[in-house]
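# Architecture and fold: a report
As a plain string of letters, each chain reads:
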Amino acid sequence: MKLVVTEKNDAAQKIADLLGATKPKADKVFSTPVYRFDVDGEEWVTIGLRGHILEPDFAPQLVYKKRGGWQGVTAEGEAVPADIPATLARPPFKKKKPFTEDGVELKSWKMEALPYLVYAPIEKLPKEKDIIRSLKNLAKKADSIVIATDFDREGELIGADALACCREVNPTAPVSRARYSAFTKAEIQGAFSNLVAMDEDLAQAGASRQDIDLIWGAVLTRYLTLVKFAGYGNVRSSGRVQTPTLALIVARERERMAFVPEDYWVIRGAFDADATAGPTAGEGPGAFEAGHATARFKSAAAADAAMAAVAGAASARVAAVETKRRTVAAPVPFNTTSLLAAASSEGLSPARTMRLAESLYMDGYISYPRVDNTVYPSSLDLAEVVRTIADNPAYAPYCKELLAKGALTATRGKKETTDHPPIYPTAKATPDDLPPAEYKLYNLVARRFLATLSDPAVVEGTKVSLDVAGEPFVAKGDVLAVPGFRAIYPYGLKKDETLPALAEGATIAFNGATCAKKQTEPPARYSQGKLIQEMEKLGLGTKSTRHAIIERLYQVKYIQNDPIEPSQLGMAVVDALDKFAPHITHPDMTADLEQKMDDIAAGATTREAVVGTSRNLLSQELGELLPHSEDVKEALADAVAADAYVGKCPKCGKDLQIRASQKTKSMFIGCAGWPDCDVTYPLPKGKIESVPEPCPTCGMPQVKVTAFRAKPRTVCIDPACATNQEPDVVVGECPVCKAAGKESKLVARRNPRTLKRSVTCENFDECGTRYPLPQYGALTATDEVCEACGAPMVIVTTARGPWKLCPNFDCPAKEQEEEKKAGARKGGAKRKPAAKKASKR
DNA sequence: GCAAGGTC
């Protein structure tokens, strides 16, 4: 059997369709779709991955010891070398010891661990476990393997990872690589009859990108998060792409802040070509406006002089009429960036547009939405696409016209690649077929496609020069003379500005002028669409990731609103990094990396050398950051405090803030007046964010709580508030008292000081029975009793539905389950925490 | 709890 591995399911299906002598059979291996078919009597199977199936991470079990360096073995079975550079032999810590008895644990987020994290070994861990299982299952039976992932650097890496998985179960089957750049019969058949070898260097280039992104991202993110800790789930991230992108936004904001507006004056006159006097003067069809030939007067005196000159005038002379025709070229085919920019102007954010496009693509309405290409390949039958969408009545007449013209020629953009065709419609859709937002995007794609096959538009521009008592005025009009592509593509079209017919030398009515004082505007903030274009220009991110990067910046609250403005926090982060770790704030880091990756791919250098150099550079910059942590902390403090503010203290009137305990890092609400004011409120578990609205019941501040894997909820911070009162629930008999021959009830209640909820025996002082309960979710009692331990069962209802449980932590049934889970883990490794937990109670 | 890159 021949196994063909592609990057995505869609490609696996297409290749099967193009190579199979008969229709391929769609099958499944576990839950992964595969396609089986015959080629010259040989059995072939294609399987699609889901992009990267392995993910790099720091070897989780590694510890760096004072004596002996890295301890442990990576998951791949390699012993870890102790290759920490000499500069780190004495870490830049004075007060705190960098090492515990056990060494520096890299898994824990500790400042002391960061210098070692820079040099921590990285291994590849499985990410798509289901797919890996299916792939290995097929690879076991394969006589030969063809890697047919996308023909680019990431594709080569994805293929190399897939091959590594195959090799674990099948070390001998011959392997080859198919390189194709379009899903056409000729291209695919050509690729499979000219199979080549895997490009190991190219895959290594991709792997070095992964390593560098992880190392820089993890070290700087952890640094920023730890330097001014603001609670779990409150991460301040940094990365090779997101930080320079944020820096762009911050730089623009700084320009705006530094901008000094200048006054200027604009004079506009009212004219009428028809009326010379009378009550309807200036209102008929002949009325129009014209500005003074000096568009902006720099001084009030000059403007006043011009106004004075025309003050008494009642007529104007038409000094000149010029008409000029100019052609507006039809737009070029959509790639991802231009689609996102066009959709952004129509009010769809890039992230939303990509979700909609993905959905349209999956349902077969548009072609693959992640492309750089802006030139239709010759293999694309343009007329056929036109016929396909002509069934939509809104496009029908235009399509008919296009088809009647004969051979179609399309516009061409500047970027020509062979990855995928530009985005075009692949099926007919009407507003009845799709939800409104999807149709909005489909309509944009379909109209753009038709526009790229259309003639240019011709605009007739008219410029009329007028003379009012010696002062020159100019009126401009633009009329769409030949619609061309504009007949089908109205996006961004200016309204016609028509002027009445005017003859040179004629005298018309002048109905006075107005003078308005204005101010020059600072450079505009980026819209999301503009920012995506700027990122592309600077080489930041890829067509598939730019929208997600911007969304990430919103999520961590570095930026807000659209057009985008940076938050105080975003500005503080960029300033701090720019000062001490400037490499991460500049797009050059990506440009350098691209150059080095080309070198690796060309065999001129190695992944080890490139990643090593990058590690040394990061080590240096971290060496700058660490001694300045107090400065950085201070710079972030104001911004963090602004986000942490929840309301006023009821006792002293100062700010109440979300705070983290220095020792335990647990969250609580404290008064900014501490230590003079000791007001505090407990907080439930989860990510805590402030909300502006006070509690509708008691007027105290509220917070948004997002517990692990739960929906966010808004709660009043005052445990005494009526909204936080829960009735005690009697859940049943206490099994311990019962066994001792006594009778006592178990009652569920919440501790107002810690907010923890538990089931406690009414006779706690004597019997000591107390079981913990989940912190949130409605609680109901049942009549049932746990079979294993006799404790009463309870039902907790959360957003995920009701969940029946035995509250007894030491219930024998639970231990059995733990063992089962531990047994299911690979190698039957015994789990220590289970024993630890038991001893804790 | 980190990044960025694929794809769902």
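Cut-off values and rules
Residues numbered from 1 in each chain as written. Chains lettered and ligands numbered in written order. Predicted model: local features only at pLDDT ≥ 70, side-chain atom pairs only at ≥ 80, totals over all residues. Heavy atoms only, no water. Pairing = 2+ DSSP bridges. Helix = DSSP H or I, 4+ residues; strand = E, 2+ residues; numbered from the N terminus. Axes fitted to C-alpha atoms, helices over the stretch in contact; angles between N-to-C directions. Contact = heavy atoms within 4.5 Å. UniProt positions renumbered as here; feature names shortened; annotations may be inferred. Buried < 20%, exposed > 50% of the residue type's maximum accessible area, 1.4 Å probe, protein only. Polar contact = N/O pair within 3.5 Å; in protein donor to acceptor, adjacent residues only side chain to side chain. Core = buried A, V, L, I, M, F, W, Y, C linked by side-chain atoms within 4.5 Å. Near = heavy atom within 4 Å. Nonpolar A, V, L, I, M, F, W, Y, C, P; charged D, E, K, R; others polar. Patch = residues over 30% accessible without salt bridge, like charges linked within 9 Å, V, L, I, M, F, W, Y side chains within 5 Å. Areas by Shrake-Rupley, 256 points an atom, 1.4 Å probe, with all protein chains shown as cover. Salt bridge = Lys/Arg side-chain N within 4 Å of Asp/Glu carboxyl O. Lys, Arg positive; Asp, Glu negative; His and termini not counted. Charge placed at Lys NZ, Arg CZ, Asp CG, Glu CD. Right-handed = clockwise from strand over helix to strand, strands pointing away. pLDDT = per-residue confidence, 0-100.

## Comments concerning the sheet that holds strand β23 (residues 680-682)
Strand order in the open sheet made by the four strands is β20-β21-β22-β23, with antiparallel pairing throughout. Strand pairing shows two members of the sheet lacking a second neighbour, β20 (645-648) and β23, which therefore form its edges. Taking each pair of neighbouring strands and ignoring which way they run, the sheet shows an average axis angle of 30 degrees. With three bridges joining them, strand β22 (residues 667-671) and β23 adopt antiparallel strand pairing. Its bridge partner lying in β23, G670 is registered against T680. Here helix α19 (residues 629-644) sits on the sheet in contact with β20 and β21 (655-660), set at roughly 65 degrees to β20.

## Some words on the UniProt feature "site: Interaction with DNA" (unreviewed entry) in chain A
Per the UniProt record, "site: Interaction with DNA" (unreviewed entry) is annotated on H52, R209, D213 and R370. Turning to its location among the elements, R209 is positioned in helix α6 (residues 200-227). Structurally, the position occupied by R370 is in the loop between α10 (350-362) and α11 (382-389). Residue classification places R370 among the partly exposed residues on the basis of a relative accessible area of 22%. Reaching out from R370, the side chain makes a polar contact with the side chain of E358 at a distance of 3.0 Å.

## A closer look at the nonpolar core
Counting 67 residues, the largest nonpolar core has Y223, Y558 and L636 as the members making the most contacts within it. Ranked by the residues each element gives to this core, the list is headed by α6, at 12 residues. When residues no more than four places from it in sequence are discounted, the contact partners of Y223 are M111, L114, L622, L625, L626, H628, S629 and V632. Core analysis: the next-biggest nonpolar cluster, separate from the first, contains 46 residues, A342, I366, Y398 and Y424 among them.

## Some remarks on the protein's contact with DNA strand B
What surrounds DNA strand B is a group of 40 residues, the closest being R50, R222, E358, Y368 and T542. Sugar plus phosphate: this is where 60% of the atoms of DNA strand B within 4 Å of the protein reside. Contact distances for DNA strand B include 2.6 Å between a sugar or linking oxygen and a side-chain N or O atom of E358. With nine residues, α6 is the single largest residue contributor to the surface near DNA strand B. Class assignment of the residues belonging to the surface near DNA strand B gives a composition of 10 nonpolar, 14 polar and 16 charged.

## Focus on the UniProt feature "active site" (unreviewed entry) in chain A
Feature annotation in UniProt places "active site" (unreviewed entry) on Y368, given in this structure's numbering. Position of Y368 relative to the elements: it lies in the loop between α10 and α11. If we ignore the near neighbours within four places in the chain, the residues touching Y368 are K8, Y361, H420 and I423. Engagement of the side chain of Y368 in a polar contact is seen with the side chain of R370, the distance being 3.3 Å.

## Considerations on a negative patch on the surface
A contiguous patch of negative charge, built from D38, D40, E42 and D143, is present on the exposed surface. Mapping D38 onto the fold places it in strand β3 (residues 32-39). Looking at D38, the relative accessible area reads 40%, which means it is partly exposed.

## As for the pairing of strand β10 (residues 144-147)
In β10, alternate side chains face the same way, and those of S144 and V146 on one face and I145 and I147 on the other are all buried. Where strand β1 (residues 2-6) meets β10, four bridges bridge the pair, whose relative direction is parallel. If you follow V4 over to β10, its bridge partner there is V146. In the sheet, β10 pairs with strand β11 (residues 175-177) via three bridges, with the strands oriented parallel. Its bridge partner being in β11, I147 is matched across the sheet by R177. Crossover connection from β10 via helix α4 (residues 153-169) to parallel β11: handedness right-handed.

## Notes on the confidence of the model for chain A
Within chain A, residue pLDDT values average 87, and 90% of them lie at 70 or more. In this model residues 72-101 is a low-confidence stretch, pLDDT under 50, and it forms 47 contacts with partners more than four residues away in sequence or in other chains. Low confidence marks residues 824-841, where pLDDT is under 50. Its contacts with residues over four positions away, or in another chain, come to 10 contacts.

## Details of the environment of T782
Along the polypeptide, T782 turns up in strand β31 (residues 778-785). C-alpha separation for the pair T782 and V731, spaced 51 residues apart in sequence, amounts to 6.9 Å. The residues contacting T782, other than those within four sequence positions of it, are V731, M793, V794 and I795. There is a polar contact of 3.2 Å between the side chain of T782 and the backbone nitrogen of E784. Polar side-chain contacts of T782 include one of 2.6 Å to the backbone oxygen of M793.

## Focus: unusual backbone geometry
The omega angle of the peptide bond from D562 to P563 is 5 degrees, so this bond is cis rather than trans. For P563, the position within the fold is in the loop between β18 (559-560) and β19 (565-566). The amide bond that connects W674 to the next residue, P675, takes the cis arrangement and shows omega of 10 degrees. Considering the arrangement of structural elements, one finds P675 in the loop between β22 and β23. For A469, which is not glycine, the phi dihedral falls at a positive 50 degrees. Counting through the fold element by element, A469 comes out in the loop between β15 (457-468) and β16 (471-482). A positive phi is found at N561, a non-glycine position, where the angle reads about 65 degrees. The residue N561 is located in the loop between β18 and β19 in this model. What makes N561 partly exposed here is its relative accessible area of 46%.

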